[in-house]
There are 4 protein chains.
Amino acid sequence: MNLHDMVQRSDTVPGRRFDRFVLLLIIASAISMSLSTVPDLSPTWQVALAAARYLIVALFTIEYGLRIVTADRRWRYIFSFYGIIDLVALSTFYANLVWTGMMDLRALRVLHLLRLFRAFGSVRYTTATARIGSALRYARDEATVFLFATLVLLYIAAMGIHHFESQAQPDKFHSVFDSLWWAVVTLTTVGYGDAYPITVGGRIWTFVVLFLGLGVVAVPAGLMATGLSRAIEEERAEARRIEEATQRERERREEG
Amino acid sequence: MNLHDMVQRSDTVPGRRFDRFVLLLIIASAISMSLSTVPDLSPTWQVALAAARYLIVALFTIEYGLRIVTADRRWRYIFSFYGIIDLVALSTFYANLVWTGMMDLRALRVLHLLRLFRAFGSVRYTTATARIGSALRYARDEATVFLFATLVLLYIAAMGIHHFESQAQPDKFHSVFDSLWWAVVTLTTVGYGDAYPITVGGRIWTFVVLFLGLGVVAVPAGLMATGLSRAIEEERAEARRIEEATQRERERREEG
Amino acid sequence: MNLHDMVQRSDTVPGRRFDRFVLLLIIASAISMSLSTVPDLSPTWQVALAAARYLIVALFTIEYGLRIVTADRRWRYIFSFYGIIDLVALSTFYANLVWTGMMDLRALRVLHLLRLFRAFGSVRYTTATARIGSALRYARDEATVFLFATLVLLYIAAMGIHHFESQAQPDKFHSVFDSLWWAVVTLTTVGYGDAYPITVGGRIWTFVVLFLGLGVVAVPAGLMATGLSRAIEEERAEARRIEEATQRERERREEG
Amino acid sequence: MNLHDMVQRSDTVPGRRFDRFVLLLIIASAISMSLSTVPDLSPTWQVALAAARYLIVALFTIEYGLRIVTADRRWRYIFSFYGIIDLVALSTFYANLVWTGMMDLRALRVLHLLRLFRAFGSVRYTTATARIGSALRYARDEATVFLFATLVLLYIAAMGIHHFESQAQPDKFHSVFDSLWWAVVTLTTVGYGDAYPITVGGRIWTFVVLFLGLGVVAVPAGLMATGLSRAIEEERAEARRIEEATQRERERREEG
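What you see is a predicted model, and the numbers here were worked out from it, not measured in a lab. (Residues numbered from 1 in each chain as written. Chains lettered and ligands numbered in written order. Predicted model: local features only at pLDDT ≥ 70, side-chain atom pairs only at ≥ 80, totals over all residues. Heavy atoms only, no water.)

A. Seen up close, the interface of chain D and chain A. At the interface, 44 residues of chain D touch 41 residues of chain A. Summed over both sides, the interface of chain D with chain A buries roughly 3800 Å², with 74% coming from carbon and sulfur. Between the two partners, chain D and chain A, sit one salt bridge. The closest approach of N and O atoms between R203(D) and D178(A), which form a salt bridge, is 3.6 Å. Put simply, chain D and chain A have four residue pairs in polar contact (both at pLDDT 80 or more) between them. Listing elements by their share of the side of chain D that touches chain A, those giving two or more residues are α9 (140-165), α10 (176-187) and α11 (200-255) of chain D. (Contact = heavy atoms within 4.5 Å. Buried area = accessible area lost by both parts, 1.4 Å probe. Salt bridge = Lys/Arg side-chain N within 4 Å of Asp/Glu carboxyl O. Polar contact = N/O pair within 3.5 Å; in protein donor to acceptor, adjacent residues only side chain to side chain. Helix = DSSP H or I, 4+ residues; strand = E, 2+ residues; numbered from the N terminus.)

B. Seen up close, the side chain of R230(A). Relative to the elements of secondary structure, R230(A) occurs in helix α11 (residues 200-255). When its relative accessible area of 10% is taken as the criterion, R230(A) is described as buried. Apart from the residues within four sequence positions on either side, R230(A) is in contact with Y138(A), S229(B) and E233(B). (Buried < 20%, exposed > 50% of the residue type's maximum accessible area, 1.4 Å probe, protein only.)

C. Highlighting the pattern of salt bridges. Residue and element names in this part refer to chain A. Overall, the coordinates contain 21 salt bridges over all chains when judged by the stated rule. Measuring nitrogen to oxygen at the nearest pair gives 2.9 Å for the salt bridge that ties D86 to R109. On the criterion of sequence distance, the pair formed by D86 in helix α5 (residues 81-98) and R109 in the loop between α5 and α6 (113-116) is long-range, its members being 23 residues apart. Summarising the burial analysis for this pair, D86 and R109 share the class buried. Note that R241 is salt-bridged to E238, the shortest N-O span being 3.1 Å. Note that R241 and E238 are positioned in helix α11 at a spacing of three residues, about one turn of the helix. Note on E238: relative accessible area 38%, which makes it partly exposed.

D. Main features of a nonpolar patch on the surface. Residues L147(A), L151(A), V200(D), I204(D), V208(D), F211(D) and L212(D) make up a contiguous nonpolar surface patch of roughly 600 Å² in combined accessible area. Among the elements of the structure, α9 (140-165) of chain A together with α11 of chain D are those that each provide at least two residues to the nonpolar patch. At five residues, α11(D) tops the list of elements feeding residues into the nonpolar patch. Structurally, F211(D) can be placed in helix α11. (Patch = residues over 30% accessible without salt bridge, like charges linked within 9 Å, V, L, I, M, F, W, Y side chains within 5 Å. Areas by Shrake-Rupley, 256 points an atom, 1.4 Å probe, with all protein chains shown as cover.)

E. Up close: the relation of the copies chain D and chain A. Superposition record for chain D on chain A: RMSD 0.1 Å, screw rotation 90°, translation along axis 0.0 Å. Accordingly, the operation relating the two chain copies is best matched by a four-fold axis. The fraction of interface residues of chain D whose copies in chain A are also interface residues is only 11%, indicating that the copies meet through different surfaces. (Least-squares fit on C-alpha atoms with pLDDT ≥ 70 in both.)

F. Geometry of helix α2 (residues 13-36) of chain B. In a regular helix each residue adds 1.5 Å, so 24 residues correspond to 34 Å; α2(B) covers 35 Å between its end C-alpha atoms and thus fits that length. Where α2(B) is concerned, the buried positions are G15(B), F18(B), D19(B), V22(B), L23(B), L25(B), I26(B), S29(B), A30(B), S32(B), M33(B) and S34(B). (Expected span 1.5 Å × (residues − 1).)

G. Fine view of empty space enclosed by the protein. As enumerated under the stated definition, the model contains four cavities of 30 Å³ or more in all. Its volume calculated, the largest cavity comes out at about 50 Å³. The wall of the largest cavity is formed by I26(A), S29(A), A30(A), M33(A), F60(A), R106(A), A107(A), R109(A), V110(A) and Y155(D). If one sorts the elements of the lining of the largest cavity by residue count, helix α2 (residues 13-36) of chain A sits on top with four residues. Among the residues making up the lining of the largest cavity, the classes are represented as seven nonpolar, one polar and two charged. (1 Å grid on protein atoms, 1.4 Å probe; cavity = no way out; pocket = protein on both sides within 12 Å on 5 of 7 lines; lining within 4 Å. Points joined across faces, edges and corners; volume = space filled by probe spheres on them. Nonpolar A, V, L, I, M, F, W, Y, C, P; charged D, E, K, R; others polar.)

H. Region of the structure containing the layout of surface pockets. Estimates place the volume of the second largest pocket at around 1400 Å³. In terms of lining residues, the second largest pocket is bounded by 44 residues, among which E233(A), R230(B), E233(B), E233(C) and E233(D) are the most central. Elements with a minimum of two residues in the lining of the second largest pocket: α11 of chain A, α11 (200-255) of chain B, α11 (200-255) of chain C together with α11 of chain D. When its residues are assigned to classes, the lining of the second largest pocket shows nine nonpolar, eight polar and 27 charged.

I. Molecular detail of the domain arrangement of chain A. Here chain A is partitioned into domain 1 (3-121) and domain 2 (140-255). A straight line from the C-alpha centre of domain 1 of chain A to that of domain 2 of chain A covers 34 Å. (Domains from an automatic or database assignment.)

J. A look at the packing of aromatic side chains. Applying the stated rule across the entire model yields 38 aromatic pairs over all chains. Judged by centre distance (5.1 Å) and plane angle (70°), the rings of F81(D) and Y82(D) are edge-to-face. Residue class for F81(D) comes out exposed when judged on its relative accessible area of 54%. Grouped by ring-pair contacts, the aromatic residues Y54(A), F93(A) and Y94(A) constitute a single cluster. (Phe/Tyr/Trp six-rings, centres within 6.5 Å; stacked < 30°, edge-to-face > 60°.)

K. Spatial organisation of the packing of α9(A) against α11(A). Residue and element names in this part refer to chain A. At their nearest, the axes of α9 and α11 sit 10 Å apart, and the two run at 165° to each other. Considered as vectors, α9 and α11 are oriented roughly antiparallel to each other. For α9 against α11, the interelement crossing comes out left-handed. By residue class, the composition of the contact of α9 with α11 is 16 nonpolar, seven polar and two charged. (Axes fitted to C-alpha atoms, helices over the stretch in contact; angles between N-to-C directions. Parallel < 35°, antiparallel > 145°, perpendicular 65-115°, else oblique. Left-handed = near helix turned anticlockwise from the far one by under 90°.)

L. Fine view of unusual backbone geometry. Backbone geometry places T189(A), a non-glycine residue, at a positive phi of 60°. Assignment of secondary structure puts T189(A) in the loop between α10 (176-187) and α11. Here D40(B), not a glycine, exhibits a phi torsion of approximately 60°, which is positive. As for its placement among the helices and strands, D40(B) is situated in the loop between α2 and α3 (43-70). A relative accessible area of 80% places D40(B) in the exposed class.

Have a look at this one:
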């Protein structure tokens with residue numbers, strides 16, 4: 001019973017402490033994983049990082065076991081978003097011990113931070129996350145249409161630039177797949193400068209694609225922002241309505 | 001009659017199946033066209049891709065024929081947006097068989113995806129597309145003014161940078177046309193880095209142009225986003241009004 | 001009298017024709033000026049472009065004279081926005097004939113297009129331009145504060161990067177003026193790649209500056225977009241109010 | 001008493017003059033600090049700039065002393081935002097005289113401009129700054145969540161690109177810290193071009209990260225813009241309500 005409250009709930013004192021401990025563990029894991037990628041580490045550091053790795057994974061395994069044991073519906077937890085992340089993270093780590101070619105996906109556990117950071121701001125961030133959820137639902141269909149239109153646009157942009165530039169720069173606009181890379185880098189306005197058109201046709205095509213495309217690519221972020229402000233507004237209108245109703249109820253009682 | 005329902009309508013079972021088949025065909029066409037651009041393909045792949053090309057174009061030709069035959073108003077279909085795309089795509093393909101210098105515009109058929117992907121989400125995406133249409137109408141005139149102002153701004157930016165940089169970097173700011181390319185890449189914030197000012201005057205000019213220009217270039221996307229959220233809001237207000245009217249009607253009946 | 005209507009008004013038939021003629025003249029001027037910058041032109045082209053230049057400037061001079069002669073308040077026209085543009089454009093051209101070192105600012109006349117393109121859409125674009133004006137007024141003070149904050153941010157960003165990078169890359173972060181150029185290119189997200197930090201301190205500083213700065217730089221465009229949608233909304237509410245008042249008036253008359 | 005009004009208040013004539021003097025002093029300081037970074041200055045300039053530096057710091061020290069002396073609550077001023085900036089700026093300057101390795105943070109004083117520029121627009125900019133404050137509060141929690149999500153996203157993006165590119169480009173995607181730099185430059189769409197993926201896996205990963213990430217990174221600026229327009233709207237609704245109440249009051253009096 002006590003264990004259940006600690007692991008599964010975040011509105012109790014032991015629950016909040018458990019969340020904070022896991023939060024610190026994930027940050028420690030992220031830092032130690034980052035440090036292990038630094039080349040030419042001294043042997044002392046290497047040993048310390050390896051020790052940290054095994055300790056952290058052991059604690060994560062215990063945490064994962066506790067979550068399954070204390071869950072009300074075990075299978076539901078295992079196949080939930082965070083359950084799958086944990087399963088993938090831990091299983092790829094253990095598989096990696098046996099077969100070193102395996103990709104180690106422990107880094108994904110950092111996604112838990114999106115859930116755990118609420119342990120600090122108690123109610124406020126929980127409300128904010130709920131509002132972000134309702135903003136995501138707000139214009140979901142339109143955003144999907146725009147993301148889909150972005151894919152179509154990327155394909156047409158790539159086919160066009162391949163037509164204009166594949167002769168002039170065969171090393172950079174090799175196949176449509178290279179051209180797709182150019183289209184992604186250009187339409188997101190990242191513009192690394194590793195590939196850019198040099199022919200007149202290719203430059204005019206780039207202009208046309210940017211003219212039509214920037215409006216398409218930037219819209220989902222704008223929808224998210226207006227959706228959020230709409231969610232905040234609705235919540236306030238709801239709060240005002242409740243307040244007014246309470247006020248009227250009080251006045252009626254005083255009259256009666 | 002059966003054929004008409006299958007080809008022209010998307011709210012019947014055969015109609016939806018037909019749409020999905022065409023959707024898959026377009027995706028297959030896009031993938032096979034992309035693969036054909038890969039250099040040094042093995043002969044087996046080359047033969048397979050050629051076979052796929054002829055098969056897909058044959059099916060597209062049949063589809064195009066069916067659309068004309070079953071259309072209620074044939075000429076209107078032929079000169080509609082998608083009708084012209086099909087005509088251009090197919091005729092450039094066949095012209096290319098005779099005269100290989102002809103540009104092959106089959107890639108344009110991918111635009112049909114913007115219409116066909118609704119076959120998956122039934123009503124939801126149809127509503128979303130309708131809303132995007134009404135959002136486009138919402139601030140159409142203002143967006144036109146801004147796009148026009150963008151063109152004027154690009155010209156002035158190009159003339160200015162040509163004045164400052166054409167002496168210092170004659171290879172990169174050659175003529176105003178090269179400078180226009182720089183203006184497009186800079187004001188869209190792509191910034192490939194193939195051309196940038198090195199003189200003090202050119203850099204101050206770039207600063208002035210970006211200071212004034214970013215507000216102009218980014219506005220159409222913002223208008224699209226606010227237009228969309230307005231369209232969603234209006235639709236909801238309409239739905240609420242209908243619901244309230246129905247409610248009042250019901251109450252009146254119960255009283256009467 | 002007739003001349004006044006033609007030059008000063010754009011709601012009469014001769015006025016609209018005059019506007020369209022000036023519009024075409026400006027576009028012809030812009031094209032011929034662009035073509036003159038192309039290096040290695042054939043003598044025939046050079047002669048043709050010179051002839052076009054003198055003809056167009058002669059017509060512009062006549063237009064400028066007509067505008068002054070027909071203006072209701074001459075000095076007010078001369079010192080208006082477009083009056084000053086015309087004065088600067090023509091006087092720099094004539095000064096250039098005498099002293100070739102003079103900068104030729106004829107390109108500025110292209111700004112007239114922002115006024116003249118309304119000659120095509122009659123009422124619609126006039127309304128749109130009026131709404132853009134009211135949107136600019138809408139959040140003018142806030143936008144000013146943000147533009148000012150951008151300047152402060154650019155200065156602090158430049159001082160910081162100069163501190164971190166001036167030792168490591170003395171050729172690129174030479175003085176604060178070079179660093180200011182880096183700050184402009186980075187905070188507008190253009191990112192040419194001609195200067196970027198390579199030290200750890202400089203990179204962390206760039207991250208901090210971008211984290212704080214992107215929100216500041218992007219806000220004026222967002223304010224413009226929301227201001228515009230507000231202006232459209234207010235105009236519609238006004239139209240609805242007038243319509244309802246007319247309706248009520250009509251009902252009252254029918255009853256009376 | 002007179003001194004208190006001059007230093008602490010900005011709504012009196014001596015107060016406004018004092019503010020303007022400090023404003024000019026900060027701008028002079030910023031310009032002279034910028035000029036000192038120019039290499040190969042002539043000895044005359046060097047002497048003049050050194051003199052300006054000592055004079056300006058002396059005046060700043062006097063100003064700081066006056067602010068403390070005239071403050072109603074001295075400690076509160078010392079530990080306020082601008083108080084700490086002044087303390088840091090002055091103490092690092094004096095410490096630098098003794099130990100030249102010390103970083104000179106006088107540049108931070110430029111932040112005072114955000115407060116002082118109001119001295120020009122009297123009421124208008126004060127209102128605008130107040131509105132910006134209420135807009136910052138408006139969606140603060142959501143913006144915090146998004147900034148936090150940006151950090152998580154940057155970490156995952158860096159771990160992923162390190163996995164794909166560290167073998168192919170060991171000099172550029174050395175450790176996760178180099179990869180983090182790439183993630184910052186890419187997700188802010190700056191795209192210097194000093195590091196970019198060249199493997200197929202790395203490019204697909206970049207596409208995925210940009211597709212998910214651009215919506216996250218761009219939202220805080222959008223929230224700021226909608227928050228501001230909401231603050232303006234609320235203020236106007238408040239003004240209208242007060243006006244209507246005054247109107248009704250007047251009508252009642254006339255009737256009574």
